[in-house]
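Listed below, chain by chain, are the residues.
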Amino acid sequence: MPSHAPELPINVDSETGVWTSDALPMLYVPRHFFVNNHMAIEEEIGAEKYADILYKAGYKSAYYWCEKEAELHGIRGEAVFEHYMKRLSQRGWGFFITEAIDIEKGTARVRLENSAFVYQYSKVDRKVDYMFTGWFAGAMDQVAQSLGFKISTRAVQTQSAAEHGKDVGIFEVSPL
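Residues numbered from 1 in each chain as written. Predicted model: local features only at pLDDT ≥ 70, side-chain atom pairs only at ≥ 80, totals over all residues. Heavy atoms only, no water.

A. Region of interest: the pattern of salt bridges. Counting across every chain of the model gives seven salt bridges. A salt bridge links Arg 111 to Glu 113; the shortest N-O distance between them is 2.8 Å. Among the residues examined, Arg 111 registers a relative accessible area of 22% and is labelled partly exposed. When its relative accessible area of 25% is taken as the criterion, Glu 113 is described as partly exposed. (Salt bridge = Lys/Arg side-chain N within 4 Å of Asp/Glu carboxyl O. Buried < 20%, exposed > 50% of the residue type's maximum accessible area, 1.4 Å probe, protein only.)

See the structure below:
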């Protein structure tokens, strides 16, 4: 399998050991550690309840991330959303491809290839990438609102590569 060095900036504070990429502190953990924790919580409280919790937290985090990154890089509009998809892809969650986006209408379609969750879960015939869902709505809302559009969105996962007969994940963003 070919490989390459990370494409995102990583800085480590010599005094504190805190890692940063762009404008925000980061953690670097093994994928199996993160996903095994995810699976343990899901097993304890159920996937549906866990998905609701992650949606809210992910929405808030994506909104904040897009706000900080837009400010740091001096970008706005669709460029912020695309920067977010690029950074998610560069951090090992999978490859996120924006298939369609209309910020003014609050709509987007994102394809996910090589999901970190699918690698761990394999083919379990259900959607396992739900952690990402709130991220797309949070990113869309931050971008739209920063442009003055009075819109709120909701994102749903319509398919996962963990489902039999599916090779990619699909997420749809639409107005509430």
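B. Just the nonpolar core, in detail. Of all hydrophobic cores here, the largest spans 41 residues; its most connected members are Tyr 84, Phe 96, Phe 132 and Phe 136. For this core, the elements supplying multiple residues, two or more each, are α2 (47-73), α3 (78-90), β5 (107-113), α4 (116-121), α5 (133-146) and β7 (169-175). Examining the composition of this core, we find that eight residues originate from one element, α2, more than from any other. In this structure, Phe 96 is in contact with Met 85, Leu 88, Ser 89, Val 110, Arg 111, Leu 112, Phe 132 and Phe 136, ignoring residues within four places of it in sequence. (Core = buried A, V, L, I, M, F, W, Y, C linked by side-chain atoms within 4.5 Å. Helix = DSSP H or I, 4+ residues; strand = E, 2+ residues; numbered from the N terminus. Contact = heavy atoms within 4.5 Å.)

C. Local environment of the packing of aromatic side chains. Scanning the entire structure with this criterion turns up 15 aromatic pairs. Note on Trp 65 and Tyr 84: the rings are 4.9 Å apart at their centroids and 45° apart in plane angle, and the pair reads as tilted. Linking Trp 65 in helix α2 with Tyr 84 in helix α3, this pair joins segments that are 19 residues apart in sequence. There is no split in this pair, since Trp 65 and Tyr 84 are both buried. Taken together, Phe 34, Trp 93, Phe 96, Phe 117, Phe 132, Trp 135, Phe 136 and Phe 171 form an aromatic cluster joined through their ring pairs. One Lys or Arg, Arg 154, reaches over the ring of Tyr 55 and ends 3.9 Å from the middle of that ring. (Phe/Tyr/Trp six-rings, centres within 6.5 Å; stacked < 30°, edge-to-face > 60°. Lys NZ or Arg CZ within 6 Å of the ring centre and 35° of its normal.)

D. Representation of the environment of His 32 within the structure. Along the chain, His 32 turns up in helix α1 (residues 31-45). Sequence spacing of His 32 and Gly 58 is 26 residues, and the spatial spacing of their C-alpha atoms is 20 Å.

E. Structural view of the packing of α2 against α3. Running from N to C, α2 and α3 cross one another at 110°; their axes reach a closest spacing of 10 Å. Here α2 is positioned roughly perpendicular relative to α3, judged by the angle of their axes. Contact residues: Ala 62, Trp 65, Cys 66, Glu 69, Ala 70 and His 73 in α2; Val 80, His 83, Tyr 84 and Arg 87 in α3. Looking at the contact of α2 with α3, its residues break down into six nonpolar, two polar and two charged. (Axes fitted to C-alpha atoms, helices over the stretch in contact; angles between N-to-C directions. Parallel < 35°, antiparallel > 145°, perpendicular 65-115°, else oblique. Nonpolar A, V, L, I, M, F, W, Y, C, P; charged D, E, K, R; others polar.)

F. Structural view of the pairing of β5. Across the two faces of β5 the burial differs, with Ala 108, Val 110 and Leu 112 buried and Thr 107, Arg 109, Arg 111 and Glu 113 not buried at all. Pairing of β5 with β7, which is carried by five bridges, proceeds in the antiparallel orientation. Residue Ala 108 lies in a different strand from β7, and its bridge partner there is Val 173. (Pairing = 2+ DSSP bridges.)

G. Seen up close, α5. The terminal C-alpha atoms of α5 lie 21 Å apart, and with 14 residues this matches the ideal 20 Å at 1.5 Å per residue to within 8%. Along α5, 12 of the 14 residues are buried, which leaves the element largely enclosed by surrounding structure. Those residues of α5 not exposed but buried are Thr 133, Gly 134, Trp 135, Phe 136, Ala 137, Gly 138, Ala 139, Met 140, Asp 141, Gln 142, Val 143 and Ala 144. Buried-residue contacts for α5 involve α2, α3, β4 (95-102), β5, β6 (153-159) and β7. Just downstream of α5 lies Gly 148, where phi reads positive at about 90°. (Expected span 1.5 Å × (residues − 1).)

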